[in-house]
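# Report on the structure
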Amino acid sequence: MELLNVYDNNGNLTDKIVPRGDKSVVLNDNEHIGVVVVFIENSNGEFLMQKTSVEKGSEYSSTGGHIDVGETHLTSIIREIKEELGIDVNKEELEYLGFMLYDKPIRFMYYLKKDIDINDIVVQEEEVEFVKYMSINEIKEIIDKGEMTK
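To start, this report covers the structure provided alongside it. (Residues numbered from 1 in each chain as written. Predicted model: local features only at pLDDT ≥ 70, side-chain atom pairs only at ≥ 80, totals over all residues. Heavy atoms only, no water.)

## What about the overall build of the protein?
Looking only at helices and strands, the protein features 2 helices and 9 strands. The principal-axis extent of the C-alpha atoms belonging to the protein is close to 40 × 35 × 25 Å. By residue count, 42% of the 150 residues in the protein fall in the buried class. Taking the intrachain contacts of the protein between residues at least 6 apart in sequence as the baseline, contacts between residues at least 24 apart amount to 60%. About 8500 Å² of surface is accessible on the protein, with carbon and sulfur atoms providing 49% of the total. Distance between charge centres in the protein, computed from 16 positive and 31 negative side chains, equals 3 Å. (Helix = DSSP H or I, 4+ residues; strand = E, 2+ residues; numbered from the N terminus. Buried < 20%, exposed > 50% of the residue type's maximum accessible area, 1.4 Å probe, protein only. Contact = heavy atoms within 4.5 Å. Areas by Shrake-Rupley, 256 points an atom, 1.4 Å probe, with all protein chains shown as cover. Lys, Arg positive; Asp, Glu negative; His and termini not counted. Charge placed at Lys NZ, Arg CZ, Asp CG, Glu CD.)

Written out as C-alpha cells, the structure reads:
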C-alpha cells in the first residue's frame, strides 16, 4: 500500500498520512495530497509532453506524480523523471517554481532546461504511451480541446 503525506495550504507537511486511493479518507479544507510536476524545456523552446497510458486516461501531461511518505518534493520529482522517462537528473538541474493549490492536490512545480533526446527516453509503459516535444501553441491547442490533464 502506497502511503502519502498530507500538506497544509502553505505547502507544509502535517502529521497526517493517508493511503493512496482510499476513498474513505476525508481531507479537511486545509489538507492536501502532494504531487510534483516538472516542465522540461529544450533549447528550441519546446516542452516535453507525455501522453498518458489508457489506464491513466490517455491525456497529455507534464512528467510528475505523487509524493510518497519519506520523500521531499525534490527527491520525488527526481524519482518520477527516472520512473516515467528513464532519465537521470540531479537536483542542481532543477529549478523550483513554487506550489499551486488546485482542488485537493497541492502541486509542487519544477522547471528543467535540458535537451533530452527522445530516443534516449525509456517510458514507463504502465503510465506513459509516448512522449514528444510541443510548442506553446500546440500545448494551448490540446488544452483547448480538453486533452490535457488538470
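## So, helix H1 (residues 73-85)
With 13 residues, H1 should cover 18 Å at 1.5 Å per step; its first-to-last C-alpha distance of 18 Å lies within 8% of that length. Every buried residue of H1 is accounted for by Ser-76, Ile-77, Arg-79, Glu-80, Ile-81, Glu-84 and Leu-85. Of the surrounding secondary structure, the elements contacted by the buried residues of H1 are strand E3 (32-41), strand E4 (47-52), strand E6 (63-66), strand E7 (94-101), strand E8 (105-113) and strand E9 (128-134). Gly-86 sits one or two positions beyond H1 and adopts a positive phi of about 70 degrees. (Expected span 1.5 Å × (residues − 1).)

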